[in-house]
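# Close look at the chain arrangement
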Amino acid sequence: MAEFIVPTNATLNAAKSFLSGSSYFDLDSPEAQLIFHPKWMHMEPFALSMIAAWAGWCRENSLRINIQNLTQKVDYAWRMSLFENLPVEYHPSRIEHEEAGRFMPIKHVQTSSEARAVIADISALLHMTDNPEGLAAVQYCISELIRNALEHSSSNLGAYVCAHNFVGGKPPRVAIGIADCGIGISAHLGRAYPEAKTSDTRALQLALEPGITGALPGVYGTPDNAGAGLFITRSIAKGTGGYFLIYSGKACYRLRRASVKDQINLFTDAFKDRHDLWTFANEWNGTVVAVEIRTDRLVDFDSYFGWIRDQMPTRDAIERKIRFT
């Protein structure tokens, strides 16, 4: 039976235990189970986007979702519009005015026009008009992640994205999550790189390297970013001291938070960064990406973005590498 278990702590900090506990995709039974923890839960945007994408997959495959432990502990999930994507009505214990929230609830994005609408709403939903540098970083990351999902997943299910601006957090940060139930990174990159088909871990390593996805003929990447969207997004997270996570198939990569005192060095090979790498028994059919941006560390986003681009190999170097690997 397909099963999604949500523990007490569905966060980037506790990502390993959260991601290892479920058997998400199973068509042996006409039913699926979503199991919330009965007493207490703390969920971040990437967990909510995963649940929404999984629920979309269940609907596509005509699976009936049974939900356990639907208590008042899931009020946050209600505010983030999770239950609009689930077959259940939920009545929260208390209603908060919209002005109290600094979050972008779950959005189901299937077209480029829907993607543009999401980007246009970010400033108002996250209340970031007073932080234009942080807003620019968030808009870039969400735009790239949505574009990647729509172009690379080869699925008509689209992607599910949400975000939260933790203004009062220590440190203040914006957390972004996006998930799809498409073909996954290994199958996607395997069209041009046979080694990606043999290992989900190797597929992740390739996907995070600039120029790789941009090398796939016809539909992937753009001349502007040369397949560097994930590299730049990971670099933004690293430079501000935030997490970056990508999960596809059975492999999951998490960039560790960099100390604010560290000198920031960027590596085209993500595995040279301080990171965690996990292999799970049960796979995620598709791709999940989570990004955390410390908004207090961005003084001049345009300059920082330019510095990131300067660390990338030149286009000629990328083309030579692609030709000979």
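None of the values given here were measured: they were computed from a predicted structure.

Analysis parameters
- Residues numbered from 1 in each chain as written.
- Predicted model: local features only at pLDDT ≥ 70, side-chain atom pairs only at ≥ 80, totals over all residues.
- Heavy atoms only, no water.
- Phe/Tyr/Trp six-rings, centres within 6.5 Å; stacked < 30°, edge-to-face > 60°.
- Helix = DSSP H or I, 4+ residues; strand = E, 2+ residues; numbered from the N terminus.
- Lys NZ or Arg CZ within 6 Å of the ring centre and 35° of its normal.
- Pairing = 2+ DSSP bridges.
- Axes fitted to C-alpha atoms, helices over the stretch in contact; angles between N-to-C directions.
- Buried < 20%, exposed > 50% of the residue type's maximum accessible area, 1.4 Å probe, protein only.
- Contact = heavy atoms within 4.5 Å.

## Focus on the packing of aromatic side chains
For the structure on display, the rule yields 15 aromatic pairs. Ring centres of tyrosine 140 and phenylalanine 305 lie 5.1 Å apart, and the angle between their planes is 70 degrees; on these two criteria the pair is classed as edge-to-face. Separated by 165 residues along the polypeptide, tyrosine 140 in helix α5 (residues 132-152) and phenylalanine 305 in helix α10 (residues 301-311) bring together distant segments of the chain. An aromatic cluster of three or more residues is present, and its members are Phe4, Phe18, Tyr24, Phe25, Phe46, Trp54, Trp57 and Trp284. Here the guanidinium or amino end of arginine 173 rests over the ring plane of phenylalanine 166, the centre of that ring lying 4.3 Å away.

## A word on the sheet that holds strand β5 (residues 64-68)
Taken together, three strands build an open sheet; the order of strands is β1-β3-β5 and the sheet is parallel. Every other strand in the sheet has two partners, leaving β1 (2-6) and β5 as the edge strands with one partner each. The sheet shows a mean angle of 15 degrees between the axes of neighbouring strands, taken without regard to direction. Here five bridges tie β1 to strand β3 (residues 31-36), and the two strands are oriented parallel to one another.

## What to know about the environment of isoleucine 5
Among the structural elements, isoleucine 5 can be located in strand β1. Residue class for isoleucine 5 comes out partly exposed when judged on its relative accessible area of 28%. Residues isoleucine 5 and serine 22, 17 residues apart in the sequence, show an inter-C-alpha distance of 5.5 Å. For isoleucine 5, the residues in contact, after removing those within four places along its chain, are Phe18, Gly21, Ser22 and Ile35.

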